Amino acid sequence: MTRISARVAAITESATLAVDAKAKAMKAAGRPVIGFGAGEPDFPTPDYIVEAAVEACRNPRFHKYTPAGGLPELKQAIAEKTKRDSGFAVDAAQVLVTNGGKQAVYEAFATLLNPGDEVLVVAPYWTTYPEAIKLAGGVQVDVLTDETTGYLASVEQLEAGLTERTTTLLLVSPSNPTGAVYSPAQIGEIGRWALEKGLWVVTDEIYEHLVYGSAKFTSVATAVPELRDKVVVVNGVAKTYAMTGWRVGWLIGPADVVKAATNLQSHATSNVSNVAQAAALAAVSGDLTAVTAMREAFDRRRQAMVRLLNEIPGVVCPEPFGAFYAYPAVKELLGKELRGQRPATTAELAELILEEAEVALVPGEAFGTPGYFRLSYALGDEDLAEGISRLAKLFAEAR
């Protein structure tokens, strides 16, 4: 008999967290590793948010259990923030506060899916989506995109993946790992198609404020108002307010879906940490000054990274317009001799790069598309330039 259930044994470790952990371990051992793996801002959480948490620690109210679905004042603030930022008007009863965006993702699928239900997922995709869908009993159907289209899926591609078992579309814009952003027209077209097909749409909007150039964030919930009874939004404070470690996310949807997901959470974790919720309340109730400063830095690094990557022979990097990732294709480098090895996959090439160039990045296998790397530009300008310089020098040896 096996000691671990088949359901849990099938879960794979988060590749992004694994790469980050290995890079940190090598740094601790004295090696000058530059890490492009972590998906978190390199800025501290703004002071006013931290002060709100300090005050919450002193408040006896927050030393006790609070409602499993979230502090009432935070749920109301999230509803108001959602109306302000995306134009989607919801009631506080349609909000569930979760332990980070990951719990919101899992609870969305656990609430919507029955065993065997199929979910259309655009690849490349974030590493957590497949595991959450599997745990919920669903079946992922990949809709493959590549660098030639800027990693954007068309309605025709989505239609090709549709079967009689399809119940849900996962829509992510801006995208992790590619940085792709769908235009308002594209979001509208996809939303109307989903409405016509009777699908649920789970939309991950956690990077809504990190868009660049001419790109514009658009929520499918406002682009296609008729879809609102079949839309579930997942979001959180992690990326916008540099609060990855605070673990506060949320799920927004129809009242019956939110009530069911809240029931699930009441048995899984109960309420999110009250101190973190108080910090999140300060974040979503405030203005966007902090994210504006971060976005300017990310934009500068984004442009530098894309330029430097595209100067390397064998690397093709389309311009990302959102989040803080670049997703270059490196298929031309596979199979070539490099430091006595011939890496056949990007996973093998990533291992070689980490050992030989002391640069940590995440291979495309983790995101469903071998032949690519994800590089985060949420790191200092000097480290960014030095890290890509190391890649260029190493790749120049490929024969």
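This text follows the structure it describes.
Residues numbered from 1 in each chain as written. Predicted model: local features only at pLDDT ≥ 70, side-chain atom pairs only at ≥ 80, totals over all residues. Heavy atoms only, no water.

## As for the pairing of strand 8 (residues 249–252)
Residues G249 and L251 point to one face of strand 8 and W250 and I252 to the other, with burial holding for every one of them. Of the strand pairs in this sheet, strand 2 (residues 95–98) and strand 8 are connected by four bridges, and their pairing is antiparallel. Looking at the pairing, T98 lines up with G249 of strand 8. Examined bridge by bridge, strand 7 (residues 231–236) and strand 8 share four bridges and lie antiparallel to one another. Residue pairing in the sheet places V233 in a bridge with I252 of strand 8. (Buried < 20%, exposed > 50% of the residue type's maximum accessible area, 1.4 Å probe, protein only. Helix = DSSP H or I, 4+ residues; strand = E, 2+ residues; numbered from the N terminus. Pairing = 2+ DSSP bridges.)

## With respect to the packing of aromatic side chains
Tallied over the entire structure, the rule returns 11 aromatic pairs. Note on F298 and F324: the rings are 5.1 Å apart at their centroids and 50° apart in plane angle, and the pair reads as tilted. Of this pair, F298 sits in helix 12 (residues 289–310) while F324 sits in the loop between helix 12 and strand 9 (325–326), placing them 26 residues apart in sequence. Ring geometry for Y327 against F367: centres 5.9 Å apart, planes inclined by 80°, an arrangement best described as edge-to-face. Of this pair, Y327 sits in the loop between strand 9 and helix 13 (346–356) while F367 is found in the loop between strand 11 (362–363) and strand 12 (373–376), placing the two residues 40 residues apart along the sequence. Grouping aromatic residues by their ring pairs yields a cluster made of F43, Y207, F298, F324 and Y325. (Phe/Tyr/Trp six-rings, centres within 6.5 Å; stacked < 30°, edge-to-face > 60°.)

## Topic: unusual backbone geometry
Residue A123 is joined to P124 through a cis peptide bond whose omega torsion reads 5°. Within the fold, P124 resides in the loop between strand 3 (118–123) and helix 6 (128–135). Backbone torsion omega between N176 and P177 reads 25°, so that peptide bond is classified as cis. As for its position among the elements, P177 is in the loop between strand 5 (166–172) and helix 8 (184–197). If you check the backbone angles, A323 has positive phi at about 60° while not being a glycine. In this structure, A323 sits in the loop between helix 12 and strand 9. Unlike most non-glycine residues, E358 shows phi in positive territory, near 55°. Mapped onto the elements, E358 comes out in the loop between helix 13 and strand 10 (359–360).

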